[in-house]
Amino acid sequence: MVNSLLPDGTFALFKDRSGLIWLGNRQSGIQYFNPTNSAFSIIKPSAKNDLSITTTSVDSILEMSNGKLLLASGLNYAVDIIDPLIGRVETLKFPVIFENRERTLAAATMLEGDPEQLWLGSFPAFLTHYDITNKQIEHFRVPLKRQRQGAILDMVKDPDTGYLWLAMSEGMLRFDPINKVFHQVEQDFGGALRLIHRDSDGNIWTGNKNGLFVLPETSEQWLHFNKKTHADFINDKVEGILVDSQKRVWIGSSNELYLLSSWDTDSATFTPVNSKLNRQNLGAQNLLEDPQGRIWISLDAVFNPETWAHRDITPLEKLDLNSFKGSYHKTKEGLILNGGSKGLLLIDTGKLEQWAFSPPLVINQIKIDQKRQLNTDNSVSYTHLRAHETREDL
């Protein structure tokens, strides 16, 4: 409920028998609040608070090793540094000379290489290194084959080699930060890559409209899975990848969530799970595992992969936040963060509760032989039913 009240003033307040609190708003309609579920809260800009975030549009989220949060926005071309105990402590902007004029980069993805060493991938396609302690900046223009501006859309660091793997609007590159050199990745991905993931075994995962790609840790050859090679991978437009704590691989597509039940260099088995969640059409992006072992599908649903118990996330719970693809993060403390068009949504998953209210049964009409059997006070007496108690159709 924090910072989530609709604007323009509340003029009506009512608590129903289930415990829900209903609020009427002069301009924006009706809102309700469940006081037993305090899992969701939102952070938005505030003109009255100098320490608030500076944008309603959060495109990328990073938690630094020192606990500070970085929020990047393409709307105001800035990165806010947030101290969870204080608020916003600094706002960064990254100007660069591009095409003979000064441009401010719009950060699309961020990672921390070494402590206090920030890497940003942006539009136009620059890789930027920022030393937070010494406030030193280096820009590296990405070599492009076709696009004039391009963009870096996601990236991960290989802890063994120190290389940065860059998912881009033109496929993929590797960057050597020691020698400051870009290396081509010898694989035709057939289009832009918006996500990249390195699992605990060292496998590199990515995907796009052409299916799923994985580079096994022990190989230099990419594997490619799509509906042409695997009939059970019907919707192969990959929009989300998660390797959970049990090393289960979840693949999200534009309208289906798959469990990659098995895979090797020759084959793979994709098991669709929407039916287990009672959903016909569920676009699965921004996949995360919470500290309780549940899988979150963006801000649409959450389920237990052991029991398939699930629940939808209602628009009012997520405070009408339109979550952006790729703008999500799980903090070291287990909070789930989602950036979108209305700010930053925080979810304390340990406080998420199912709605347990059971409304009482109320009988408002009984007919026997087409005759109404209720008393004038809408009650029904035993004598009304006694004469018919042996009837099979009662």
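The rules behind the values
- Residues numbered from 1 in each chain as written.
- Predicted model: local features only at pLDDT ≥ 70, side-chain atom pairs only at ≥ 80, totals over all residues.
- Heavy atoms only, no water.
- 1 Å grid on protein atoms, 1.4 Å probe; cavity = no way out; pocket = protein on both sides within 12 Å on 5 of 7 lines; lining within 4 Å.
- Points joined across faces, edges and corners; volume = space filled by probe spheres on them.
- Helix = DSSP H or I, 4+ residues; strand = E, 2+ residues; numbered from the N terminus.
- Nonpolar A, V, L, I, M, F, W, Y, C, P; charged D, E, K, R; others polar.
- Buried < 20%, exposed > 50% of the residue type's maximum accessible area, 1.4 Å probe, protein only.
- Pairing = 2+ DSSP bridges.
- Phe/Tyr/Trp six-rings, centres within 6.5 Å; stacked < 30°, edge-to-face > 60°.
- Lys NZ or Arg CZ within 6 Å of the ring centre and 35° of its normal.
- Axes fitted to C-alpha atoms, helices over the stretch in contact; angles between N-to-C directions.
- Polar contact = N/O pair within 3.5 Å; in protein donor to acceptor, adjacent residues only side chain to side chain.
- Contact = heavy atoms within 4.5 Å.
- Core = buried A, V, L, I, M, F, W, Y, C linked by side-chain atoms within 4.5 Å.

Student: How do you make sense of empty space enclosed by the protein when you look at a structure like this?
Tutor: The rolling of a water-molecule-sized probe over the atoms marks out the regions of remaining empty space. All told, the structure shown has 1 cavity of 30 Å³ or more when counted by the stated rule. Volume-wise, the largest cavity comes out at about 60 Å³. Looking at the largest cavity, the residues that line it are Ser-73, Tyr-77, Ala-78, Val-79, Leu-92, Lys-93, Phe-94, Leu-105, Ala-107, Leu-120, Ser-122 and Thr-128. Of all the secondary-structure elements, those providing two or more residues to the lining of the largest cavity are β7 (78-83) and β12 (117-123). A per-class count over the lining of the largest cavity returns 8 nonpolar, 3 polar and 1 charged.

Student: When you look at the pairing of strand β32 (residues 336-340) in this model, what are you seeing that I'm missing?
Tutor: Here is the key point about a regular strand: its side chains alternate between the two faces of the sheet. Counting buried residues along β32, 5 of its 5 residues qualify, which places the element largely inside the surrounding structure. Alternating residues of β32 divide into Ile-336, Asn-338 and Gly-340 and Leu-337 and Gly-339, and every residue in both groups is buried. Sheet analysis places strand β31 (residues 323-330) next to β32, joined by 4 bridges and oriented antiparallel. Across the sheet, Ser-323 pairs through a bridge with Gly-340, a residue of β32. The antiparallel pairing of β31 with β32 creates a hairpin that spans 5 residues between the two strands, and Gly-334 there sits at a positive phi of about 95°. Pairing between β32 and strand β33 (residues 343-347): 5 bridges, direction antiparallel. By the bridge assignment for β33, Leu-337 is matched with Leu-346.

Student: So what exactly am I meant to see when it comes to the packing of aromatic side chains here?
Tutor: Both the distance between ring centres and the angle between the ring planes are used here to describe each pair of aromatic rings. For the coordinates displayed, the defined rule picks out 17 aromatic pairs. For the pair Phe-225 and Phe-270, a centre-to-centre distance of 6.2 Å together with 70° between the ring planes defines the contact as edge-to-face. With a gap of 45 residues between them, Phe-225 in strand β22 (residues 223-225) and Phe-270 in strand β26 (residues 268-272) connect regions that are remote in the sequence. Like Phe-270, Phe-225 is buried. Aromatic ring contacts, followed pair by pair, group Trp-119, Phe-140, Phe-175 and Phe-182 into a single cluster. In this structure, Arg-141 packs its charged tip against the face of Phe-126, placed 5.3 Å from the ring centre. The ring of Trp-165 has Arg-174 lying over it, and the distance from NZ or CZ to the ring centre is 5.4 Å.

Student: What is the right way to read the sheet that holds strand β15 (residues 152-157) from this model?
Tutor: Consider a sheet: its strands pair through backbone hydrogen bonds, and that pairing is either parallel or antiparallel. Taking strand neighbours across the sheet as the criterion, the 4 strands line up as β15-β16-β17-β18 in an open arrangement whose pairing is antiparallel. With partners counted over all chains shown, the strands left at the sheet margins are β15 and β18 (181-184), one partner each. Averaged over neighbouring strand pairs, the angle between their axes works out to 30° when direction is ignored. Across 5 bridges, the pairing between β15 and strand β16 (residues 164-168) is antiparallel. Bridge assignment links Val-156 to a residue of β16, and that residue is Trp-165.

Student: What am I meant to see in the side chain of Thr-55 here?
Tutor: Structurally, Thr-55 is set in the loop between β4 (40-43) and β5 (60-63). With relative accessibility at 7%, the residue Thr-55 sits in the buried group. Separated by 3.0 Å, the side chain of Thr-55 and the backbone nitrogen of Ser-57 make a polar contact. Separated by 3.2 Å, the side chains of Thr-55 and Ser-73 make a polar contact. Discounting residues that sit within four places of it in the chain, Thr-55 has contacts with Pro-45, Ser-73, Leu-75, Asn-76 and Asp-80.

Student: I keep staring at the nonpolar core and nothing clicks. Help me out?
Tutor: Soluble globular proteins tend to pack their nonpolar side chains together in the buried interior. In this structure, Leu-70, Val-79, Phe-94, Met-110, Leu-118 and Leu-120 are the most contacted members of the largest nonpolar core, which totals 18 residues. Residue assignment for this core shows that the elements contributing at least two residues are β6 (69-73), β7, β9 (95-98), β11 (106-112), β12 and β13 (126-131). When neighbours within four sequence positions are excluded, Leu-118 is seen to be in contact with Leu-62, Leu-70, Met-110, Leu-111, Thr-128, His-129, Tyr-130 and Ile-132. If you look at the next biggest cluster of nonpolar residues, it comprises 16 residues, including Phe-225, Val-238, Val-243 and Ala-268.

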